[in-house]
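# Fold and contact review
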2 protein chains.
Amino acid sequence: MLARIEKVRRRRPRVREERITLAHGAGGKATATLIDAVFLEAFRNPALERLGDGAAVEVDGTRLAFTTDSYVVSPLFFPGGDIGDLAVNGTVNDLAMCGARPLWLSAGFVLEEGFAVAELERIVASMARAATAAGVSIVTGDTKVVGRGKADGLFVTTAGVGVRERPTVLDAAAARPGDVVLVSGPIGDHGVTILIARGELDIDADLASDTAPLHELAAAVLDAGGDGVRVLRDATRGGVATILNEIAVASDVAVVVDETTVPVRPEVAGAAELLGIDPLYVACEGRMVVVVDAERAPAVLAAMTDRPDGTEAVAIGRVADDPPGLVLLRTGFGGTRIVDVLVGDPLPRIC
Amino acid sequence: MLARIEKVRRRRPRVREERITLAHGAGGKATATLIDAVFLEAFRNPALERLGDGAAVEVDGTRLAFTTDSYVVSPLFFPGGDIGDLAVNGTVNDLAMCGARPLWLSAGFVLEEGFAVAELERIVASMARAATAAGVSIVTGDTKVVGRGKADGLFVTTAGVGVRERPTVLDAAAARPGDVVLVSGPIGDHGVTILIARGELDIDADLASDTAPLHELAAAVLDAGGDGVRVLRDATRGGVATILNEIAVASDVAVVVDETTVPVRPEVAGAAELLGIDPLYVACEGRMVVVVDAERAPAVLAAMTDRPDGTEAVAIGRVADDPPGLVLLRTGFGGTRIVDVLVGDPLPRIC
């Protein structure tokens with residue numbers, strides 16, 4: 001059966017749907033197919049094909065990282081943050097996951113006619129605070145306005161440029177059997193917080209988004225792990241499960257996760273159970289996955305837990321030979337199941 | 001009276017409206033106030049405050065330009081182009097106007113649920129062709145999907161990075177009395193084409209958008225003009241009038257335009273007259289304004305008219321001492337009037 005799944009996955013991608021669905025934006029299977037079939041086919045170039053959190057580029061001997069994300073989170077304000085700091089932290093983190101020191105951000109706003117100027121000011125102030133906290137400057141921007149009913153309040157697209165000062169080459173294709181998989185803290189807080197903030201669930205949990213900049217934690221990981229660090233990825237849309245699937249496919253390895261070690265807050269576990277979703281698929285906005293060779297793993301984990309933004313970091317699994325391209329979960333009951341890529345969109349507009 | 005206008009302009013900006021209006025996105029007075037009062041106040045940094053088409057930044061001795069624009073043009077497809085090549089050319093041009101060689105672009109898409117995949121493919125193919133034509137790579141991107149009625153088909157935000165290899169410092173504040181003002185071709189084609197494409201006007205004109213990359217023309221201008229080139233700006237949202245006003249204020253000079261020399265196609269002039277708007281305020285997407293010292297102006301103009309993308313370049317005016325901060329138009333009838341900054345939004349969603 002595994003062989004069959006493998007074969008299906010490697011087939012040349014094609015978008016079967018005639019129209020865009022919410023699943024195309026969910027970060028799972030449909031998003032991957034859309035990206036492969038439409039964007040990669042058209043834009044084909046080596047930097048894009050690496051498909052990390054950003055592009056690694058170089059000019060005149062200066063090694064840079066360049067990344068972008070559009071933010072459409074609903075609601076715009078939620079416990080622990082808003083679309084503004086989410087966007088800044090998200091782009092800072094994408095640069096950090098490339099091993100870069102974040103330097104400059106751009107911000108492009110699409111505003112809906114009638115949006116409250118006071119809310120815009122609040123979001124912009126939050127972006128400014130997040131930028132200061134992360135040591136980056138928002139150096140350029142743009143504002144467009146569309147008529148009522150043609151957008152949903154405010155969308156913002158941030159792009160970022162950073163400098164890759166360290167020699168370590170991070171690549172989702174670099175994981176090797178024997179490597180250890182770490183996460184930097186409890187997963188799923190952001191996604192569940194957004195769902196609760198929408199008021200669609202009859203849940204009242206004491207939860208806040210985990211949105212935070214990860215560049216210092218990433219630097220600490222690289223300092224401690226050096227060349228032993230294979231992959232850094234922030235577990236945003238699609239959650240830890242999606243990141244691990246991308247690594248498994250890109251590196252042609254298995255990733256075996258021990259369910260009992262995956263840190264999930266009881267409130268997140270409870271809400272996820274009510275929703276019928278697995279916390280492994282729920283977005284974080286301030287949590288990273290680290291793949292590091294076994295020898296350097298203890299030093300890297302110690303460097304993480306020594307820091308306030310990594311106190312709850314733990315090892316959750318291992319990279320194995322077989323079955324290549326798959327993520328397996330060893331459950332608390334001693335069984336094993338495949339953690340497949342996300343299908344559909346259980347959590348729309350989470351970021 | 002001029003003194004009074006001056007004083008009003010220099011007052012600390014404040015957004016008086018409680019809610020965003022279409023005028024805030026039109027590129028004129030309301031946009032400038034929004035940017036000054038909300039974004040500049042919050043993000044304050046030297047690169048942003050220069051407020052050119054992009055930011056001039058530097059790392060490890062490498063001089064870069066970084067820029068972004070969000071595109072919300074309606075309709076998405078129009079004679080001469082679509083939102084895809086418009087976005088790529090727009091970002092290429094913003095980099096070129098910083099005197100940079102464009103290198104890499106990012107693209108963040110916000111798609112509305114139900115958008116036709118075939119239209120997305122058409123737009124992406126158009127972006128790929130425009131990128132190839134401009135010699136840039138689209139190296140990173142993002143796709144988000146929002147529910148039906150929460151966007152208008154497709155919005156795209158491009159950001160770009162280029163390298164500033166030439167020593168020339170271009171700055172809207174660098175214009176000096178005696179300098180010559182050039183435009184690279186007929187103005188207003190893009191804006192009028194979009195309005196006609198919407199079908200709201202009962203006009204059938206043989207017009208196409210002027211969307212085009214300007215980086216080679218900009219390089220030719222800099223080769224011919226060297227340090228004599230003060231400012232390069234593409235005359236997009238708000239048109240040539242808006243750019244000239246920005247230059248007049250930033251450089252504390254007057255810009256005097258000779259109406260009879262401003263190149264406007266008869267179709268554009270006719271449509272503008274029907275609409276009651278001045279072609280000087282209509283967006284171009286492939287035309288640039290050059291401010292160059294008088295001595296180098298003939299060589300620069302010759303370098304432009306020698307190229308296929310600059311054959312219709314002409315001098316349209318001069319920089320003068322007085323009245324500082326204003327743009328004056330010497331009309332065909334021998335009179336003089338002030339070309340003020342744009343108020344309101346006669347041309348929504350033009351780019």
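Attention in this report is confined to the structure presented alongside it. Note that residues are indexed from 1 along each chain, following the sequence as it is written. Note on labels: chains are lettered from A, ligands numbered from 1, in written order. For a predicted model such as this one, the threshold for reporting local features is a pLDDT of at least 70, and the threshold for listing and counting side-chain atom pairs is 80 or more; totals across whole chains, interfaces and linings nevertheless cover every residue. The basis for every side-chain value is the complete set of heavy atoms in the structure, and neither hydrogens nor water enter the calculation.

## Notes on the pairing of strand β1 (residues 55–59) of chain B
Because side chains alternate across β1(B), one face comprises the buried residues B:Ala55, B:Val57 and B:Val59, and the other comprises B:Ala56 and B:Glu58, none of which is buried. Pairs of strands are assigned from DSSP output, requiring at least two bridges between the strands. The helix and strand labels rest on DSSP assignments: H or I over at least four residues marks a helix, E over at least two residues marks a strand, and numbering proceeds from the N terminus. Where β1(B) hands over to strand β2 (residues 62–71) of chain B, the hairpin turn is made up of two residues, of which B:Asp60 adopts a positive phi near 50°. Accessibility here uses a 1.4 Å probe with only protein chains present; expressed as a share of the type maximum, an area under 20% marks a residue as buried, one over 50% as exposed, and anything in between as partly exposed.

## Overview of the sheet that holds strand β7 (residues 154–163) of chain A
Residue and element names in this part refer to chain A. On the basis of which strands lie adjacent, the open sheet formed by five strands has the order β1-β2-β7-β5-β6 and mixed pairing. Each of the sheet's edge strands pairs with one partner strand only, and the pair in question is β1 (55–59) and β6 (137–146). Neighbouring strand axes in the sheet, compared pairwise and without regard to direction, differ in orientation by 20° on average. Two residues qualify as a contact provided that any one of their heavy atoms is within 4.5 Å of a heavy atom in the partner residue. Under this scheme, a helix contributes an axis fitted over its contacting stretch, all axes are lines through C-alpha atoms, and angles between N-to-C directions fall in the 0 to 180 degree range. Set on the sheet, helix α4 (residues 83–97) makes contact with β2 (62–71), β5 (101–112), β6 and β7; between it and β2 the angle comes to about 150°.

## Considering helix α8 (residues 239–251) of chain A
Residue and element names in this part refer to chain A. If you check α8, its first and last C-alpha atoms are 19 Å apart, about what 13 residues at 1.5 Å a residue would give, namely 18 Å. Here α8 lies mainly inside the structure; ten of its 13 residues are buried. Of the positions making up α8, those classed as buried are Gly239, Val240, Ala241, Thr242, Ile243, Leu244, Asn245, Ile247, Ala248 and Ser251. At the C-terminal side of α8, aspartate 252 shows a positive phi close to 55°. To estimate the expected span of a helix, count its residues, drop one, and scale the result by 1.5 Å.

## What to know about helix α10 (residues 297–305) of chain A
Residues and elements named next belong to chain A. When α10 is considered as a whole, its buried residues turn out to be Ala297, Val300, Ala303 and Met304. Along the axis of α10, the buried positions cluster into a sector of 130°, meaning they face one direction only. If you follow the buried residues of α10, they end up packed against β8 (180–183), α7 (215–225) and β11 (288–292). Working note: the arc is built from the helix axis to C-beta atom directions.

## A word on the packing of aromatic side chains
Note on ring pairs: Phe, Tyr and Trp rings are taken, using the six-membered ring of Trp, and paired if centres are within 6.5 Å. Classes follow the plane angle, with under 30 degrees stacked, over 60 edge-to-face and the rest tilted. Applying the stated rule across the entire model yields six aromatic pairs over all chains. When the ring of A:Phe39 is compared with that of B:Phe109, the centres are 4.8 Å apart and the planes differ by 40°; the resulting orientation is tilted. Here the residue A:Phe39 occupies a position in helix α2 (residues 29–43), and B:Phe109 occupies one in strand β5 (residues 101–112), the pair thus bridging two chains. For A:Phe39, a relative accessible area of 7% translates into the label buried. The buried category is assigned to B:Phe109, whose relative accessible area is 2%. Two conditions define a charge located above a ring, namely a distance within 6 Å from the ring centre to NZ of Lys or CZ of Arg, and an angle within 35 degrees of the ring normal. The ring of B:Tyr71 carries the charged tip of A:Lys144 above its face, separated from the ring centre by 5.0 Å.

## With respect to the state of the cysteines
All names here are of chain B. Any pair of cysteine sulfurs within 2.5 Å is marked as a disulfide. Following the criterion strictly, the structure yields zero disulfides over all chains and no others. Distance from the sulfur of cysteine 284, which forms no disulfide, to the nearest cysteine sulfur (cysteine 351) is 11 Å. With a relative accessible area of 0%, cysteine 284 lands in the buried category.

## Quick look at the interface of chain A and chain B
By convention, interface size is frequently given as the accessible area that disappears when the constituent parts associate. The interface of chain A with chain B comprises 76 residues on the first partner and 76 residues on the second. Counting the surface lost from both chain A and chain B, the interface buries some 6400 Å², and carbon and sulfur atoms represent 70% of this. By salt bridge we mean one thing: a side-chain nitrogen of Lys or Arg within 4 Å of a carboxyl oxygen of Asp or Glu. Counting the contacts that link chain A with chain B gives two salt bridges. Counting of polar contacts relies on pairs of N or O atoms within 3.5 Å, with two restrictions inside protein: one atom must be capable of donating a hydrogen and the other of accepting it, and residues adjacent in sequence are counted only when both atoms are side-chain atoms. Along the contact surface separating chain A from chain B lie 22 residue pairs in polar contact (both at pLDDT 80 or more). Put simply, the parts of the chain that give the side of chain A that touches chain B at least two residues each are α2, α3 (46–49), β1, β2, β5, α5 (117–134), β6 and β7 of chain A. Gly falls in the polar group here, along with every residue not listed as nonpolar (Ala, Val, Leu, Ile, Met, Phe, Trp, Tyr, Cys, Pro) or charged (Asp, Glu, Lys, Arg). Residues that form the side of chain A that touches chain B fall into these classes: 41 nonpolar, 20 polar and 15 charged. By buried area we mean how much accessible surface two parts lose on assembly, using a 1.4 Å probe and totalling the loss over both.

## Focus on the sheet that holds β5(B)
All names here are of chain B. Spatially, β1-β2-β7-β5-β6 is the arrangement adopted by the five strands of the open sheet, whose pairing is mixed. At either end of the open sheet lies a strand with only one pairing partner, and these are β1 and β6 (137–146). Mean inter-strand twist for the sheet, computed between neighbouring axes without regard to direction, equals 20°. Sheet strands in contact with helix α4 (residues 83–97) are β2, β5, β6 and β7 (154–163), and its direction is about 150° off that of β2.

## Focus on the relation of the copies chain A and chain B
The least-squares superposition of copies is restricted to C-alpha atoms, and to residues with a pLDDT of at least 70 in both copies. For these two chains of identical sequence, chain A goes onto chain B by a turn of 180° and a shift of 0.0 Å along the axis, with RMSD 0.0 Å. When the rotation and shift are considered jointly, the pair of chain copies conforms to a two-fold rotation axis. Of the C-alpha atoms belonging to chain A, the one lying closest to the rotation axis is found on A:Ala151, 2.0 Å away. The fraction of interface residues of chain A whose copies in chain B are also interface residues reaches 100%, indicating that both copies meet through the same surface.

## A short note on the packing of α5(A) against helix α2 (residues 29–43) of chain B
The N-to-C vectors of α5(A) and α2(B) enclose an angle of 30°; their axes lie 8 Å apart at closest approach. It follows that α5(A) is roughly parallel to α2(B) by the angle criterion. Seen along the crossing, α5(A) lies across α2(B) with a hand that is right-handed. Residue-level inspection shows A:Leu120, A:Glu121, A:Val124, A:Met127 and A:Ala128 of α5(A) in contact with α2(B), the latter providing B:Leu34, B:Val38, B:Phe39, B:Ala42 and B:Phe43. Looking at the contact of α5(A) with α2(B) residue by residue, the class counts come to nine nonpolar, no polar and one charged. Roughly parallel means an angle under 35 degrees; roughly antiparallel means over 145; roughly perpendicular covers 65 to 115; every other angle is labelled oblique. Two helices that cross are described as forming a left-handed crossing if the nearer one is turned anticlockwise from the farther one by less than a right angle, and a right-handed crossing if clockwise.

Fair warning: the whole summary comes from geometry, so function is off the table for now.
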